[in-house]
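Structure assessment
Residues per chain are reported as follows:
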Amino acid sequence: MREKTEYAVQWNISAQYFYERGYYTWMAEKLSGYDTILEIGSNAFYESSVNVLDFKNVTTIEGSAFYNCDKLGAVVNANNLVKINGSAFFDCDNIYEFYAENLDYAGADSLRSANNLVKVYTPNLSTVGNNAFYDSANIISFSMGEIISWGSNVFNGPVFKEVFVYSNNYTKMPKSYFNYFCNIRTRVYVYKDMISTAKSYFGNDSGNVVFPMGHKIGDIDSFGASIGVYRTAKAM
C-alpha cells in the first residue's frame, strides 16, 4: 500500500511539472505533425485547445479523447476510423461535418453536444451507443449502415433534411425516431432494391419522400448510379 501511495504522489508531482511547463501543449503540437497516428488514447486532448489534427490513419479513438475541445477543426475526415468510444467528441462545438466512411462503432455520448454539427457521413455505422448524438440538435444530414445495435436517446433535437441508408437492416433503428425527427419532407435515400419496403417503413404518413440511391457495388451500372447520386446531392 505504501508503494502505491508513493507512486501516486510521484505521478502527481510529474504531472504538475509537465503541466506548468506546457509540455502537454508541446505534445499536442508534436502529435499534430505526424501522419502515422493509429490510436488516440483516453483523455489525450481533454479540454485542450487543439484545433488541427490529421485523422487519416487513425483507427480508434478512446473515451473522452477530445472532450470539450471546442476549437477542433470544423471538418473531421477520418475515413480509416473504425471505433470511437464514449464521449470521444463530447461538447466539440466547432465540428461542422464528420466523415468516417469505415466507422462501425460509436459509443455512448460519442458526439454528444456537438452543437454545430450538421452532417454525419458514416455509411458503415452498425453499433450506436446511448445518447451518441444527444443535444447535437443541428444535424440535417445523417448516414447509417448495417444497424446491429441502437442505443436509447441517440438523438433528441435534429430535424433531418436527408437520411442515407446503406443497408436493408434499418428496422433496428426505432421507427419513432424517423417519425419524430423527420417532421418536414425529409429525403430518404435507400438502395434501389429497398424502395418498396423502405416506403412503408420510413413512411409517407410522416411526409418523408424515399428516393433510390443507386445499386449495390458490383451491379453493372453502379458507377452510373453513383454519379446520379452525386449530381442529386450537388443539386440539393
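Structure: above.
Everything in this summary refers to the structure shown in the same document.

As a further point, take the overall build of the protein chain. Counting secondary structure elements, the protein chain contains 5 helices and 13 strands. Within the span of the protein chain, comprising 236 residues, buried residues form 42% of the whole. Pairs at least 24 apart in sequence give 21% of the contacts found in the protein chain among residues at least 6 apart. With an accessible surface of roughly 12,700 Å², the protein chain has 51% of that area assigned to carbon and sulfur atoms.

We now examine the state of the cysteines. Per the stated rule, a full pass over the model turns up 0 disulfides. Of the cysteine sulfurs around Cys69, a residue in no disulfide, the closest is that of Cys92, at 5.4 Å. The class of Cys92 is buried, set by a relative accessible area of 0%.

This next bit is on the sheet that holds strand 4 (residues 83–84). One open sheet accounts for 6 strands, arranged 1-2-4-6-8-10; its pairing is parallel. Edge strands, defined here as strands with exactly one partner in the open sheet, are strand 1 (39–40) and strand 10 (149–150).

With that settled, consider the packing of aromatic side chains. Each aromatic ring pair is summarised here by two numbers: the centre-to-centre distance and the angle between the ring planes. By the definition in use, this model includes 17 aromatic pairs. The interplanar angle of 45° and the centroid separation of 6.2 Å between the aromatic rings of Trp150 and Phe155 together place this pair among those described as tilted. This pair shows no difference in class: Trp150 is buried, exactly as Phe155 is. Taken together, the ring pairs connect Phe45, Phe55, Phe66, Phe89 and Phe98 into an aromatic cluster.

Criteria and cut-off values
Residues numbered from 1 in each chain as written. Predicted model: local features only at pLDDT ≥ 70, side-chain atom pairs only at ≥ 80, totals over all residues. Heavy atoms only, no water. Helix = DSSP H or I, 4+ residues; strand = E, 2+ residues; numbered from the N terminus. Buried < 20%, exposed > 50% of the residue type's maximum accessible area, 1.4 Å probe, protein only. Contact = heavy atoms within 4.5 Å. Areas by Shrake-Rupley, 256 points an atom, 1.4 Å probe, with all protein chains shown as cover. Disulfide = S-S within 2.5 Å. Pairing = 2+ DSSP bridges. Phe/Tyr/Trp six-rings, centres within 6.5 Å; stacked < 30°, edge-to-face > 60°.

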